[in-house]
Structures are given as C-alpha cells and as structure tokens.
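Chains, contacts and geometry: an overview
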Amino acid sequence: MSETGRGKPEQSATADREVVISRVINAPRELVFVAFTEVRHLSRWWGPEGFTTTTQSFEFRVGGEWDFVMHGPDGTDYTEWITWTDITPPERIAMLHGESRGDPNAFESVLTFQPDGAATRIQMHTVFPTKELRDEAVEKYHAIEAGQQTLSNLAAYVTEIAEKGAEA
C-alpha cells in the first residue's frame, strides 16, 4: 500500500470490491501449490465445510479450464467454472471464476504461496466486478467464512500428506 502526502495509506482503487483471505499452512510450499494443480488433490479438499466437488473437466494450464459442481450439505448443487489466467510454479496462480464460461459476474482471484519457515503462507486475493457483487458474495454466500473454511480444508489435507511423507 502506498502512502499519500498526508501519511495515510492510499486505498486501492478496487478495495470496495476485494476479499483477501490468508492462512499459514504447516506444509512445504511445493506441496501446497501441487494441491491446486491436480484434480485428484482438489477433489479431496476444495470447498467449505460439508461441501463435496464433482469435476466435469480439468486442464491445469494457462487458458485451461476446470468445470465442476460443488454439492452443498443441504443438497444444493452449484455449477462452477474456472479458467487459469497465470501460473508461476510454485509462487502464484491467477484465475477467473464464475458459474460458466462468459459469466459477466465472474471474479478474478490471485493465489500466492510464500515460504514461512518450513510452512507456507497462502493468500487468496479476489476482486469482484462490482461492489454489489462483492457484497452479495460476502452477505448471501458467506464468501469470507467459506474461503477461510476452504483454506482450512486445504491445510488439513496437505498437513496430513506432509506428515505421512506421502508422494504429492
């Protein structure tokens, strides 16, 4: 964040459209990154508590897509679509996430993976097209809590793999 002439932090032009969630995960950065790159991993942890995921198609590369359905604990199905817009192993993944290709309400997320000693600090920075869409995601879909739960599921999954010494 830059400073203004008055010594106050300058607010980002997209601040009212952003959600930022981070977590330290007790696993090496490469393992945490790999958990995002292979559907066999994603299907084990993706989504908030009580959700499961069924993948329709998955291709992890810039321009590749992940079509999937998240199944809520109440039986509601949520059609989802992600396209990867930038991949810098094992540091960064950028994506566009919506209900389907061409979704005008799709949002952009950038995930960064930073070493934190033997652990990894992951940050998910999401920017919605409008403040109203951000507010709806937070209020109606509990996006902040759901994002924290999703990163918690990721942490539990990769920590278990790291402790077992299993192959990623």
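This text follows the structure it describes.
Thresholds applied
- Residues numbered from 1 in each chain as written.
- Predicted model: local features only at pLDDT ≥ 70, side-chain atom pairs only at ≥ 80, totals over all residues.
- Heavy atoms only, no water.
- Core = buried A, V, L, I, M, F, W, Y, C linked by side-chain atoms within 4.5 Å.
- Buried < 20%, exposed > 50% of the residue type's maximum accessible area, 1.4 Å probe, protein only.
- Helix = DSSP H or I, 4+ residues; strand = E, 2+ residues; numbered from the N terminus.
- Contact = heavy atoms within 4.5 Å.
- Pairing = 2+ DSSP bridges.

1. Describing the nonpolar core
Of all hydrophobic cores here, the largest spans 35 residues; its most connected members are Phe 36, Trp 46, Ile 122, Leu 154 and Val 158. Looking at this core, the element that brings in the most residues is helix H4 (residues 143-164), giving seven residues. Not counting chain neighbours up to four residues away, the residues in contact with Trp 46 comprise Phe 36, Thr 53, Trp 66, Phe 68, Met 70, Ile 82 and His 97.

2. Re the pairing of strand E6 (residues 107-116)
Bridging between strand E5 (residues 92-98) and E6 involves six bridges; their strand directions are antiparallel. Note that in E6 the partner of Leu 96 across the bridge is Glu 108. As defined by bridge partners, E6 adjoins strand E7 (residues 119-127) across nine bridges and the pair is classed as antiparallel. Bridging across to E7, Glu 108 finds its partner in Val 127. Between E6 and the antiparallel strand that follows it, E7, lie two residues; Gly 117 among them carries a positive phi value of about 65°.

Remember that the coordinates give geometry; whether it matters functionally is a separate question.
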